[in-house]
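# Geometric and topological summary
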Amino acid sequence: MPITVDIDVMLARRKMSVGELADRVGITPANLAVLKNGRAKAVRFTTLAALCEVLDCQPGDLLRWEAEGAPAG
């Protein structure tokens, strides 16, 4: 999929665990893991907004587009 999820990067920058982020956003750790690992087919804007609020970032800090077949970077 050409959309890459960089939640791990923001978690590291904020020194926050997946469990803490899930609690603060109001989703299950399992659902956060699906999103974080790039297996999600969709994300609700309300969830994206909550992630941005908790992580103090912009949506572009969490999601980026890569052309198909481009090396991950």
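Below, the structure is looked at part by part.

## A word on the overall build of the protein chain
Within the protein chain, the regular secondary structure consists of 5 helices and 2 strands. Listing every helix and strand of the protein chain by position from the N terminus yields β-α-α-α-α-α-β. With the C-alpha coordinates of the protein chain rotated into their principal frame, the extents come out at 35 × 25 × 20 Å. By residue count, 33% of the 73 residues in the protein chain fall in the buried class. Across the protein chain, every contact between residues at least 6 apart in sequence was considered, and the portion connecting residues at least 24 apart equals 61%. Summed over all atoms, the accessible surface of the protein chain reaches about 4800 Å², with 55% contributed by carbon and sulfur.

## A short note on the nonpolar core
Among the nonpolar cores identified, the biggest contains 19 residues, and I7, L21, L51, L55 and L62 are the most heavily contacted of them. Listing elements by their share of this core, those giving two or more residues are helix 1 (7–14), helix 2 (18–25), helix 3 (29–36) and helix 4 (45–55). Examining the composition of this core, we find that 6 residues originate from one element, helix 4, more than from any other. L51 has contacts with I7, L21, V25, L32, L35 and L62, leaving out every residue within four places of it along the chain.

## Thoughts on helix 1
Taken together, the buried positions of helix 1 are I7, M10 and L11. End-on view of helix 1: buried residues confined to an arc of 105°, all on one side of the axis. Seen from the open side of helix 1, the exposed residues pointing more than 90 degrees away from its buried face are A12 and R13. If you follow the buried residues of helix 1, they end up packed against strand 1 (3–5), helix 2, helix 3, helix 4 and helix 5 (59–62). Backbone geometry just after helix 1 places K15 at a positive phi near 50°.

## Focus on the packing of helix 2 against helix 3
Two elements in contact, helix 2 and helix 3, have axes whose closest approach is 9 Å; the angle formed by their N-to-C orientations is 110°. Classified by the angle between their axes, helix 2 and helix 3 sit roughly perpendicular to one another. Packed against helix 2, whose contacting residues are V18, L21 and A22, the element helix 3 presents P29, L32 and K36 at the interface. When grouped by side-chain class, the residues that make up the contact of helix 2 with helix 3 number 5 nonpolar, no polar and 1 charged.

Rules and cut-offs
- Within any chain, residue numbers begin from 1 and follow the written order of that chain's sequence.
- Selection of residues for local features in this predicted model requires a pLDDT of at least 70, selection of side-chain atom pairs for listing and counting requires 80 or more, and totals for whole chains, interfaces and linings are taken over all residues.
- With hydrogens and water stripped out, all remaining heavy atoms of the structure feed into the side-chain values.
- For the purposes of this entry, the term helix denotes a DSSP run of H or I that reaches at least four residues, the term strand denotes a run of E that reaches at least two, and both are numbered from the N terminus.
- Burial classes follow relative accessibility: with a 1.4 Å probe on protein chains only, a residue under 20% of its type's maximum area counts as buried, one over 50% as exposed, and anything between as partly exposed.
- We call two residues contacting when some pair of their heavy atoms lies within 4.5 Å.
- Note on areas: these come from Shrake-Rupley sampling with a 1.4 Å probe, and a residue is covered only by the protein chains present in the view.
- We define the nonpolar core as a collection of buried residues of types Ala, Val, Leu, Ile, Met, Phe, Trp, Tyr and Cys that are connected through side-chain atoms lying within 4.5 Å of one another.
- Think of the arc as the fan of directions from the helix axis to the C-beta atoms.
- Axis definition: a line fitted to C-alpha atoms, over the contacting stretch in the case of helices. Angles run 0 to 180 degrees between N-to-C directions.
- Our angle categories are set so that under 35 degrees counts as roughly parallel, over 145 as roughly antiparallel, 65 to 115 as roughly perpendicular, and the remainder as oblique.
- Residue type decides the class: Asp, Glu, Lys and Arg count as charged, Ala, Val, Leu, Ile, Met, Phe, Trp, Tyr, Cys and Pro as nonpolar, and the leftover types, Gly among them, as polar.

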